[in-house]
Amino acid sequence: MVKKENVRKSKHIPKNNNHNNHNNNNNNHNKNHKENILLRITHPNILPRSFGEKAADKLTRVAGSWSFILSFAVFLILWVILNTSWLIFGMAWDIKPFILLNLILSCLAAFQAPIILMSQNRTGQKDRQRSEYDYAVNRKAARQIESVQKQLNRMEKHMMLRHKK
């Protein structure tokens, strides 16, 4: 159990025993707590990435580009032309209906697909973090605007009282 003296020394709980003041300060405590949470939220672009995440992002960027698709298409066309021409002259390295090429393509797909999925998962995670960050920033801005509005209302009431005198 916490002693009253220790509780009073806390910066969030006042020394005044007035019940309404205590409730207001509890609300301030909750506001401060929420603002501290906002301060701990970091922007998603600042978050550290592991080696695997960096590699997955880089592979996705490369494998999803037109330069990769066109260069791979050129590679496939050259493979087929060279192997077919060598088949005609009896020196083919990939006999039958391109079994070695099928193996290479299958291995490429087997490695590439999970890595691309990891990158997509990371992108989804970053999007969630960005939306949480944006929501937190919007909430903080709304509270600040509300505070400014209250100050303006107080100033307006004060000005109205001055003009009535």
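The structure under discussion appears in the preceding block.
Bear in mind the structure is a predicted one, so any value in this text is a computation, not a measurement.

Cut-offs and rules
- Residues numbered from 1 in each chain as written.
- Predicted model: local features only at pLDDT ≥ 70, side-chain atom pairs only at ≥ 80, totals over all residues.
- Heavy atoms only, no water.
- Helix = DSSP H or I, 4+ residues; strand = E, 2+ residues; numbered from the N terminus.
- Buried < 20%, exposed > 50% of the residue type's maximum accessible area, 1.4 Å probe, protein only.
- Contact = heavy atoms within 4.5 Å.
- Areas by Shrake-Rupley, 256 points an atom, 1.4 Å probe, with all protein chains shown as cover.
- Patch = residues over 30% accessible without salt bridge, like charges linked within 9 Å, V, L, I, M, F, W, Y side chains within 5 Å.
- Salt bridge = Lys/Arg side-chain N within 4 Å of Asp/Glu carboxyl O.

K.L.:
Explain the overall build of the protein chain to me, using residue names and the numbers behind them.
P.N.:
Secondary structure summary: the protein chain contains five helices and zero strands in total. When the helices and strands of the protein chain are placed in sequence order, the string is α-α-α-α-α. In the protein chain, buried positions account for 11% of the 165 residues. In the protein chain, the proportion of contacts linking residues at least 24 apart, taken out of those at least 6 apart, comes to 57%. Total accessible area on the protein chain is roughly 13,700 Å²; 62% of this is exposed by carbon and sulfur atoms.

K.L.:
Describe a nonpolar patch on the surface, listing the residues and the values that go with them.
P.N.:
Together, Val 74, Phe 75, Leu 78, Leu 82, Trp 86, Ile 88, Phe 89, Met 91, Trp 93, Leu 100, Leu 103 and Ile 104 make up a nonpolar patch on the protein surface, roughly 1,200 Å² of accessible area in all. Only α4 (66-88) and α5 (95-164) provide two or more residues apiece to the nonpolar patch. Residue contributions to the nonpolar patch peak at six residues, all from α4. Among the residues examined, Val 74 registers a relative accessible area of 47% and is labelled partly exposed.

K.L.:
Residue-level account of the pattern of salt bridges, with values.
P.N.:
Tallied over the entire structure, the rule returns four salt bridges. Arg 122 is the salt-bridge partner of Glu 53, the closest N and O atoms lying 3.7 Å from each other. Here Arg 122 lies in helix α5 and Glu 53 lies in helix α3 (residues 51-63), a separation of 69 residues in the sequence. Connected through shared salt-bridge partners, Glu 53, Asp 57 and Arg 122 make up one network.

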